[in-house]
Amino acid sequence: MERRGFFSLLAGMSTGLCMARMAGTAQAQSLRPTPSCPDGAQPTPRQTAGPYFKPHSPERASLLEPGMPGMKIVVTGMVRLANCQPVPRALIDVWHADDRGAYDNAGFRLRGHQYTDDQGRYRLETIVPGNYPGRTRHFHVNVQAPKGPVLTTQLYFPGEAGNAGDPIFSRELVLRVQDGAEVRAATFDFVLRA
Ligand code: FE
């Protein structure tokens, strides 16, 4: 082989290697975790279930019923593990007060459960709960990965006058809420212990 030919072959090989490295870097960048799940996501804090939980709620993603008074709200989000992995088929059981602050303890009004989809997502339609004495506005929720322990917690609303005076209110459990004309849209992601 001529010297020249040998060197141009070497040059060609190193250019090829370099391009392979660049392609690898581009691939690594596209596989970065999404910004919504930073490293070391903290598990969602637990809170008391309070006195009004009832087992055996109906399976339904909408708790709305015809003629039900109150501001409609759609809550969406994900259930995932602290390592960011989504949890498909996680149970989400919600119960809350009506717009006057009363719970239905005889039946199942404003009570229901659903399961996350295969990407760990959920969507709940309901009304904004009313206040009742001693508590700021809140939802009650049980979340459970398949065969996992139950996370019992509560979700709160931003900018509520009652938040500061409620001893168990937690800023980590505040919904991100957008106000619409007739329907509010809120988001919350639950993080379970792996
Ligand atoms: Fe309550």
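Everything numeric here is computed off the predicted structure, so don't read it as measured data.

Comments concerning the side chain of Thr126
- The topology assignment puts Thr126 in strand β4 (residues 121–127).
- Among the polar contacts listed, one links the side chain of Thr126 to the side chain of His96, at a separation of 2.7 Å.
- Setting aside chain neighbours within four positions, we find Thr126 in contact with Leu63, Leu64, Met71, Lys72, Ile73, His96, Leu110 and Phe139.

With respect to the pattern of salt bridges
- One pass over the structure, following the stated rule, counts 8 salt bridges.
- Residue Arg109 is joined to Asp98 by a salt bridge in which the shortest nitrogen-to-oxygen separation is 3.9 Å. Of this pair, Arg109 sits in the loop between β2 (91–95) and β3 (111–115) while Asp98 is found in the loop between β2 and β3, placing the two residues 11 residues apart along the sequence.
- Residue Arg109 is classed as partly exposed on the basis of its relative accessible area, which comes to 32%.
- Classification of Asp98 as buried rests on a relative accessible area of 6%.
- In this structure, Glu125 and Arg123 form a salt bridge, with 2.8 Å as the shortest nitrogen-oxygen distance.
- Residue Glu125 is classed as partly exposed on the basis of its relative accessible area of 25%.
- Overall, the relative accessible area of 44% leaves Arg123 in the partly exposed class.

A look at the confidence of the model for the protein
- Averaged over all residues, the pLDDT of the protein is 86; the fraction at 70 or higher stands at 79%.
- This model gives residues 1–30 a pLDDT under 50, and the stretch forms 1 contact once residues within four places in sequence are excluded.

A word on the coordination of the iron ion
- Distances from the iron ion to its protein donors, Tyr103 (OH), Tyr132 (OH), His138 (NE2) and His140 (NE2), fall within 1.9 to 2.1 Å.
- Bound by 4 donor atoms, the iron ion shows angles of 93 to 155 degrees at the metal and therefore irregular coordination geometry.
- Site description for the iron ion: donor spacing in sequence, Y-x28-Y-x5-H-x1-H. Linking Tyr103 in the loop between β2 and β3 with His138 in strand β5 (residues 138–144), this pair joins segments that are 35 residues apart in sequence.

Topic: the pairing of β2
- For β2, the tally of buried residues reaches 5 of 5 residues, placing the bulk of the element in the interior.
- Side chains Leu91, Asp93 and Trp95 project from β2 onto one buried face, and the interleaved Ile92 and Val94 project onto a second face that is buried too.
- Sheet topology places β2 next to β3; 5 bridges connect them, and they run antiparallel. Its bridge partner being in β3, Val94 is matched across the sheet by Gly112.
- Note: β2 against β5, 5 bridges, orientation antiparallel. Bridge pairing in β5 places Val94 opposite Val141.

Regarding the packing of aromatic side chains
- Per the counting criterion, the structure on display carries 8 aromatic pairs.
- Centroid distance Tyr156 to Phe169: 5.1 Å. Interplanar angle 75 degrees. Geometry classified as edge-to-face. Here Phe169 lies in the loop between β6 (150–156) and β7 (176–178) and Tyr156 lies in strand β6, a separation of 13 residues in the sequence.
- Using a relative accessible area of 22% as the deciding quantity, one classes Phe169 as partly exposed.
- A connected cluster of aromatic rings, assembled from ring pairs, spans Tyr52, Tyr103 and Tyr132.
- Positioned over the ring face of Phe108 is Lys54, at 4.1 Å from the centre of the ring.

Focus on the pairing of strand β1 (residues 72–81)
- Counted residue by residue, β1 has 7 buried out of 10 residues, so it is predominantly covered.
- Pairing of β1 with β4 involves 7 bridges; the strand directions are antiparallel. Paired with Ile73 across the two strands is Thr126, which belongs to β4.

A look at the sheet that holds β5
- Read across the sheet, 4 strands follow the order β3-β2-β5-β6 without closing on themselves; strand pairing throughout is antiparallel. Sheet topology places β3 and β6 at the edges, where each strand pairs with a single neighbour. Each strand of the sheet is rotated relative to its neighbour by a mean of 20 degrees, with strand direction disregarded.

Cut-offs applied
- Residues numbered from 1 in each chain as written.
- Predicted model: local features only at pLDDT ≥ 70, side-chain atom pairs only at ≥ 80, totals over all residues.
- Heavy atoms only, no water.
- Helix = DSSP H or I, 4+ residues; strand = E, 2+ residues; numbered from the N terminus.
- Polar contact = N/O pair within 3.5 Å; in protein donor to acceptor, adjacent residues only side chain to side chain.
- Contact = heavy atoms within 4.5 Å.
- Salt bridge = Lys/Arg side-chain N within 4 Å of Asp/Glu carboxyl O.
- Buried < 20%, exposed > 50% of the residue type's maximum accessible area, 1.4 Å probe, protein only.
- pLDDT = per-residue confidence, 0-100.
- Donors = N, O, S within 2.8 Å, 3.2 Å for Na, K, Ca; no water.
- Tetrahedral: all angles 85-135°; square planar, octahedral: opposite > 155°, others 65-115°.
- Pairing = 2+ DSSP bridges.
- Phe/Tyr/Trp six-rings, centres within 6.5 Å; stacked < 30°, edge-to-face > 60°.
- Lys NZ or Arg CZ within 6 Å of the ring centre and 35° of its normal.
- Axes fitted to C-alpha atoms, helices over the stretch in contact; angles between N-to-C directions.

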